[in-house]
Amino acid sequence: MCGIIGFVGREEAAPVLLDGLERMEYRGYDSAGIAVRSETKGLQVRKCKGRLKVLAERTCGGRDLKGTLGIGHTRWATHGEPNDLNAHPHVSENGRIALVHNGIIENYLELKEHLIRQGVQFTSETDSEVVAQLLEFHYRECGNMLEAVGRVLRRIEGSYALGIICADYPNALIAARKDSPLIIGCGETGNFVASDATAIIRYTRDVIYMEDGQIAVLTADSVDLFDDEMLPLEARHSTVDWDVSAAEKGGYAHFMFKEIMEQPEAVAKTVSPRIREGRVVLDDVHFTAEYARGISRIFLIACGSSYHVGQVSKYNWERLLRRPVQVELASEFRYSDPLVDEKSLVVVISQSGETLDTMAAMREAKRRGARTLAVVNVVGSSIAREADDVLYTWAGPEIAVATTKAYSTQLVLMDLIGLYLAELLGTVTGEEYDAIVSAVLSLPEQMRRILEHVQDVQYFASHYFHHDSVFFIGRNLDYAMGLEGSLKLKEISYIHSEAYASGELKHGTISLIEPGTLVVALSTYGALFDKAMSNVVEVKARGAEVLAVTTGRFSEKMEKTADAVLVVPETHPVLQPSLGVVPLQLFAYYVALQRGCDIDKPRNLAKSVTVE
Ligand code: F6R
């Protein structure tokens, strides 16, 4: 949510900034801007509403701005509509200081009023401009930029990742973070700050993950790190080990399609290091049987698709562990005065590891004494660093805003964790344990088989893309999977869609079914197939058009009633959603394609939601 970048080095900054912003555009794309310090003209700022390509055109690919120090931003609007004035960078009144900001300054109104009383004139409606003006105010007072930054950080409340340049400091880029991601990259031609590694991986793999409260001063040859009291800190370097091509489209039309196709490999990478000689081995967590027996409640907490993973896992974990498992939306949990204590195990699930609500929920759980386990994709992200234990999904960088491969890897990793806990608790039979392990190992190949027939889904999408309301129905794991299928469809195709537990239809929703309404009936959960079938008959009787998803075992029966049937391979019931969701992702993709939507960057959305 908003991408920021900064560069100070021995080459022209503007093209580097634009390149980095392009790779981070999935973080926000309603406006963009850059500021570069020029030898002769001071700080030069170019910013405008719209996609990054508008900015690139207006600056001739950055060639119009000369200078080796600069900052850039791609925005997802929070305060103030997307327009040229609200775009970042924001500059102080006299044009001496420029900054880019990701996060929310919660006390900005109070600070703004104070500055207005001092005669400062604002040009935007943003909370971020307040920081630029306040910096100028304190810089004038103390005459030292770093000191001014320290003073400002003590006055602002909320979350921020900041990149700051000042015309008086031709060689210095200042960065600060609190509750918004920021990394430093140490390159051969200079040093970088960025919201995430995708922006700078072309230039360097040597990174420093900034911690909350840290401030950094970068020059072309040095990086100095300070704590919030300006005491020097030693920087801990890490290496980003994924390949540059992992964050590129590689010949595919969209990142989303590429990422759907990458699922077999991503699942294999997540699973294979964790199954040894038929046992689930989770090297990074150290639970004992005694600890597991002492757990009184399990909470699965997340947002969006990650929350849907929690919904699937609730069914699976309760089946395997015979313990109550609660799934909670992070944004609700954090303000619910939750019944969490030292005997609670709280599992937070997040692709980005930066989702603010999930992080806040995790902190709340920790504050109340719970043990926290994070299931995260982005290595070194804030949630991964703050959790008591972390298990990574090895999906690689996910660029499309709509998650697919991260969802699939979260799902299978949660199954492994469930199995691991069940073994500790002795609640799973040896037979079932072995059956699930063997089924997990077969998943990548089964997914591949589905992906060899994408044209079947494409065909149905071309039939149904004109519908403007769709219902996903299913029971048990099919219902949980339907939540994700429905979200995928609505977020990228803008078709209104809802997921319902089939048994609930007759309690109200069935009144919405009329001749021609599209119902996607999920019936891959064998144990309840007959019930699912009855619900299909019910909606058919009201004129619905039914696209069913089922397994080979039931396809013949289903074909007699549904209008169209997509068949997925059968696996152990616990793992069936991992296969059933693939055609749903593809359906959403092809429907959105038919409707001419911007698939990788759906309107109003952004990846990595670092605001509340
Ligand atoms: C939907 C989607 C979002 C995310 C949600 C949580 O396709 O991607 O719903 O799942 O914003 O994000 P993470 O997993 O990064 O915490």
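Conventions used here
- Residues numbered from 1 in each chain as written.
- Predicted model: local features only at pLDDT ≥ 70, side-chain atom pairs only at ≥ 80, totals over all residues.
- Heavy atoms only, no water.
- Patch = residues over 30% accessible without salt bridge, like charges linked within 9 Å, V, L, I, M, F, W, Y side chains within 5 Å.
- Areas by Shrake-Rupley, 256 points an atom, 1.4 Å probe, with all protein chains shown as cover.
- Salt bridge = Lys/Arg side-chain N within 4 Å of Asp/Glu carboxyl O.
- Lys, Arg positive; Asp, Glu negative; His and termini not counted.
- Charge placed at Lys NZ, Arg CZ, Asp CG, Glu CD.
- Helix = DSSP H or I, 4+ residues; strand = E, 2+ residues; numbered from the N terminus.
- Buried < 20%, exposed > 50% of the residue type's maximum accessible area, 1.4 Å probe, protein only.
- Core = buried A, V, L, I, M, F, W, Y, C linked by side-chain atoms within 4.5 Å.
- Domains from an automatic or database assignment.
- Contact = heavy atoms within 4.5 Å.
- 1 Å grid on protein atoms, 1.4 Å probe; cavity = no way out; pocket = protein on both sides within 12 Å on 5 of 7 lines; lining within 4 Å.
- Points joined across faces, edges and corners; volume = space filled by probe spheres on them.
- Nonpolar A, V, L, I, M, F, W, Y, C, P; charged D, E, K, R; others polar.
- Pairing = 2+ DSSP bridges.
- Axes fitted to C-alpha atoms, helices over the stretch in contact; angles between N-to-C directions.

Trainee: Which parts of the structure should I look at to understand a negative patch on the surface?
Mentor: A surface patch of negative charge is lined by Glu 106, Glu 110, Glu 113 and Glu 157. Tracing the sequence through the fold places Glu 106 in the loop between β6 (97-105) and α3 (108-117). For Glu 106, a relative accessible area of 58% gives the class exposed.

Trainee: What's the story with the nonpolar core in this structure? I'm lost.
Mentor: Here is a general trend for soluble globular proteins: nonpolar side chains tend to be buried in one another's company. If you look at the biggest cluster of nonpolar residues, it comprises 99 residues, and the most contacted ones within it are Trp 317 and Ile 417. Formed jointly, this core draws a minimum of three residues from each of two domains, domain 2 (255-451) and domain 3 (454-594). Ignoring anything within four residues of it in the chain, the contact list for Trp 317 reads Ile 298, Leu 300, Arg 322, Val 325, Val 347, Met 414, Ile 417, Gly 418 and Leu 421. The next biggest cluster of nonpolar side chains, apart from the first, holds 30 residues, and it includes Leu 111, Val 120, Ala 172 and Ile 174.

Trainee: What am I meant to see in empty space enclosed by the protein here?
Mentor: If a probe as big as a water molecule is rolled over the atoms, it shows which places are left empty. Under the criterion given, the structure shown has 3 cavities of 30 Å³ or more. For the largest cavity, the calculated volume is near 70 Å³. Lining of the largest cavity is provided by Cys 2, Arg 75, Trp 76, Ala 77, Thr 78, His 79, His 88, His 101, Asn 102, Gly 103, Asp 127 and Ser 128. Its residues assigned to classes, the lining of the largest cavity shows 3 nonpolar, 7 polar and 2 charged.

Trainee: For this particular structure, what's the right way to read the sheet that holds strand β22 (residues 389-392)?
Mentor: To summarise the sheet geometry, strands pair through backbone hydrogen bonds and adopt either a parallel or an antiparallel arrangement. In spatial order, the strands read β19-β18-β20-β21-β22; together these 5 strands make up an open sheet with parallel pairing. Each edge of the open sheet is held by one strand with a lone partner, namely β19 (325-329) and β22. Across the sheet, the mean angle from the axis of one strand to that of its neighbour is 20°, orientation sign disregarded. Note: strand β18 (residues 297-302) against β19, 5 bridges, orientation parallel. Counted as the bridge partner of Phe 299 is Gln 326 from β19. In this fold helix α11 (residues 356-367) packs onto β18, β20 (344-350) and β21 (371-376), with an angle of close to 165° to the strand it touches most, β20.

Trainee: It is not clear to me how the environment of Val 347 should be interpreted in this structure. Could you clarify?
Mentor: Summarising the element assignment, Val 347 is placed in strand β20. The exposure class of Val 347 is buried, given its relative accessible area of 0%. For the pair formed by Val 347 and Ile 298, sequence separation is 49 residues and the distance between their alpha carbons is 7.6 Å. Leave out the neighbours within four places in its chain, and Val 347 touches Phe 299, Leu 300, Ile 301, Trp 317, Leu 373, Val 375 and Met 414.

Trainee: Is there a simple way to think about the layout of surface pockets in this case?
Mentor: Approximately 830 Å³ is the volume found for the largest pocket. In terms of lining, the largest pocket is formed by 40 residues, of which the most central are Trp 242, Asn 377, Val 378, Gly 396 and Pro 397. The element that contributes the greatest number of residues to the lining of the largest pocket is helix α7 (residues 263-271), accounting for 3 residues. A domain split of the lining of the largest pocket shows at least three residues from each of domain 1 (3-240) and domain 2 (255-451). If you add up the space inside the second largest pocket, you get close to 620 Å³. In terms of lining residues, the second largest pocket is bounded by 28 residues, among which Cys 303, Gly 304, Ser 305, Ala 606 and Val 609 are the most central. Broken down by secondary-structure element, the contributors of at least two residues to the lining of the second largest pocket are α9 (304-321), β20, α11 and α16 (477-493). Of the residues contributing to the lining of the second largest pocket, the split by class is 11 nonpolar, 11 polar and 6 charged. For the lining of the second largest pocket, the two domains that each supply at least three residues are domain 2 (255-451) and domain 3 (454-594).

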